[in-house]
Amino acid sequence: MLALRTDSLDPCWNLALEETLFNSLEPGHPGWFLLWRNGPSIIVGRHQNTLEEINEDFIRAAKLPVVRRPTGGGAVYHDEGNINFSFLTWVDTKSPPGFADFLAPIVEALTDVGVAASFSSRNDITVDGRKISGSAQRRSGSRMLHHGTMMVDLDTGVLGRALTGNPDKYQSKGVSSHKSRVANLREFLPQSWSRETCMTRVMEAMTRRCASAKSALPPHLAGQVEELAESKYRAWEWNYGKSPEFTERRRQRFPWGALECRFNVKNGIITRCRLYGDFFTLNDIADLEKCLEGVPRAPEALAEALAGVPVEEWFVGARRGPLLDFLCQGTGRE
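In this text the structure is predicted, and so the values were computed from the model without any measurement.

(A) Here's a closer look at the overall build of the protein chain. Within the protein chain, the regular secondary structure consists of 11 helices and 15 strands. Considering only C-alpha atoms, the protein chain reaches an extent of 75 × 45 × 35 Å along its principal axes. Within the protein chain, the fraction of its 334 residues that count as buried is 51%. Counted over contacts in the protein chain with a minimum sequence separation of 6, partners at least 24 positions apart contribute 70%.

Shown next as C-alpha cells:
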C-alpha cells in the first residue's frame, strides 16, 4: 500500500481527494494509505440530518464549514489536532475485511509510540476505556474505503459547543450521532512532546505499519480533485440538501404574542410550512406560509424569499427585523 500525505487543511478538498483516489483505483494497484488533517470544521455522516446535528448559531458565529462525508456514522468535529486516515484498496467481495482488519495496524502503531490502545466495539479505538478514534466504511464493487479519525490534541471545548444540536427542534428520519466519552491521545503521550511532535510521531508510526512506500498525488488527478471539491463538497445541495426528510419545529415569544414555526423539509427544500401562535393578524396566515414553501431550508434562501414580503403586516404589533430573524434563522430577538 502506498502512503500519501496531504498538507491541505480544507475538508472539502481532502474529502474530494479521498473520493477521487477511490474512484480511480485500478485493478492491481497496491492501494492508498492516506493521511490528512482538516482545519476547524464539522463532518456529518452520509445518512444524517445536518441541521439536527449542529448548533446552528455557534457554527454560524464561528464560521465553521459543515461538510457531509460519503460514509455512515455520526457527526464529528475536526481541527488541526485531529489526524484522519484512509485505506483505499481492493477486496474480495465474498469475504470483505471488517473494521478490525484495518484498525489492527493502527493499534500497533499506537503501541509503537507507547500507548496501550485496543479495538473496541464495532468501529472504535479506545485507551483506558475512552474513545480516541472512530471509523467508517463504504464499498463499491471490489473497491473498499475505510477511513477514521484520531483525536490527538483536539479542542474538545469547541467540539461540545459545535455539536450540541437541539433535540426538540427537529424530528428526523436520519441517524443521530451517538455521544461518546472521548479523550485526546496526547493525554497518554509524554508531556514533553509538543502538539506537532505528537502528530509527527503518530503519523510516522502509522505510515510504517500501514504502508510499504511513500508516494505523491498523480498530477493528472489534481484537477479532478478540485473539480469534485467545488461541484460536490462545497455545495449546499450535498452538505444540507441530502439530509433525510425531517420536520423542524421552533417557537419564540414576542411582545405581541407567541409564534411557532413548523417546516416539513425534504431534500433540503421546505415542502410545507405552518405558523401557529396566540398572535393577532389581519391577513390570511396561509398566504405567508406559501411564501416559504418550495424554498431551500437555508437562512440566505429564506431571507431572499422574504426580501420583498412585508411579513410584519401579518402580525399585529410585530417589528420586521426580529420577525425575519426568527423566520429565517430561528434566532428571533426583541
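(B) Molecular detail of the sheet that holds strand E3 (residues 41-44). Read across the open sheet, the three strands follow the order E4-E3-E5; overall the sheet is mixed. Among the strands making up the open sheet, the edge pair consists of strand E4 (66-68) and strand E5 (76-78). Taking each pair of neighbouring strands and ignoring which way they run, the sheet shows an average axis angle of 30 degrees. Note that E3 and E4 share three bridges and pair parallel. Bridging across to E4, Val44 finds its partner in Arg68. Across the sheet, helix H1 (residues 11-23) is in contact with E3 and E4; its angle to E4 comes to roughly 15 degrees.

(C) Layout of unusual backbone geometry. Of note in the backbone geometry, Asp128 takes a positive phi value of approximately 55 degrees without being a glycine. Residue placement: Asp128 occurs in the loop between strand E8 (124-127) and strand E9 (130-140). Judged by relative accessible area, which is 65%, Asp128 ranks as exposed. Of note in the backbone geometry, Asn267 takes a positive phi value of approximately 55 degrees without being a glycine. Among the structural elements, Asn267 can be located in the loop between strand E14 (257-266) and strand E15 (269-277). Overall, the relative accessible area of 53% leaves Asn267 in the exposed class.

(D) Region of interest: empty space enclosed by the protein. Applying the stated criterion to the full structure yields one cavity of 30 Å³ or more. Asn49, Leu51, Trp236, Tyr240, Ser243, Phe246, Val265, Gly268 and Arg297 together form the lining of the largest cavity. Of the residues belonging to the lining of the largest cavity, the class tally is five nonpolar, three polar and one charged.

(E) Structural detail: the packing of helix H4 (residues 99-112) against helix H6 (residues 195-210). Following both chains from N to C, one finds H4 and H6 inclined at 135 degrees, their axes separated by 8 Å at the closest point. Classed by the angle they form, the pair H4 and H6 counts as oblique. Between H4 and H6 the crossing geometry is right-handed. Where H4 abuts H6, its residues Pro105, Ile106, Glu108, Ala109, Leu110 and Asp112 lie against Val202, Ala205, Met206, Arg209 and Cys210. In terms of residue class, the contact of H4 with H6 is built from eight nonpolar, no polar and three charged.

(F) Highlighting the pattern of salt bridges. Evaluated as defined, the whole model comprises 22 salt bridges. A salt bridge links Asp10 to Arg234; its shortest N-O distance comes to 2.8 Å. Of this pair, Asp10 sits in the loop between strand E1 (2-5) and H1 while Arg234 sits in the loop between helix H7 (219-233) and helix H8 (236-239), and the two are 224 residues apart along the sequence. Residue classification places Asp10 among the partly exposed positions, given a relative accessible area of 26%. Classification of Arg234 as partly exposed rests on a relative accessible area of 33%.

(G) Molecular detail of the packing of aromatic side chains. All chains considered together, the criterion is met by eight aromatic pairs. Between Phe85 and Phe87 the ring centres are 6.3 Å apart and the planes differ by 80 degrees, which places this aromatic pair in the edge-to-face class. The buried category is assigned to Phe85, whose relative accessible area is 0%. Judged by centre distance (4.7 Å) and plane angle (10 degrees), the rings of Phe254 and Trp256 are stacked. By the burial criterion, Phe254 is buried, and Trp256 matches it. Of the aromatic side chains, those joined through ring pairs into one cluster are Phe254, Trp256, Phe279, Phe315 and Phe326. The aromatic ring of Trp238 is capped on one face by Lys232, whose charged end is 4.2 Å from the ring centroid. One Lys or Arg, Arg250, reaches over the ring of Phe326 and ends 5.4 Å from the middle of that ring.

The rules behind these values
- Residues numbered from 1 in each chain as written.
- Predicted model: local features only at pLDDT ≥ 70, side-chain atom pairs only at ≥ 80, totals over all residues.
- Heavy atoms only, no water.
- Helix = DSSP H or I, 4+ residues; strand = E, 2+ residues; numbered from the N terminus.
- Buried < 20%, exposed > 50% of the residue type's maximum accessible area, 1.4 Å probe, protein only.
- Contact = heavy atoms within 4.5 Å.
- Pairing = 2+ DSSP bridges.
- Axes fitted to C-alpha atoms, helices over the stretch in contact; angles between N-to-C directions.
- 1 Å grid on protein atoms, 1.4 Å probe; cavity = no way out; pocket = protein on both sides within 12 Å on 5 of 7 lines; lining within 4 Å.
- Points joined across faces, edges and corners; volume = space filled by probe spheres on them.
- Nonpolar A, V, L, I, M, F, W, Y, C, P; charged D, E, K, R; others polar.
- Parallel < 35°, antiparallel > 145°, perpendicular 65-115°, else oblique.
- Left-handed = near helix turned anticlockwise from the far one by under 90°.
- Salt bridge = Lys/Arg side-chain N within 4 Å of Asp/Glu carboxyl O.
- Phe/Tyr/Trp six-rings, centres within 6.5 Å; stacked < 30°, edge-to-face > 60°.
- Lys NZ or Arg CZ within 6 Å of the ring centre and 35° of its normal.

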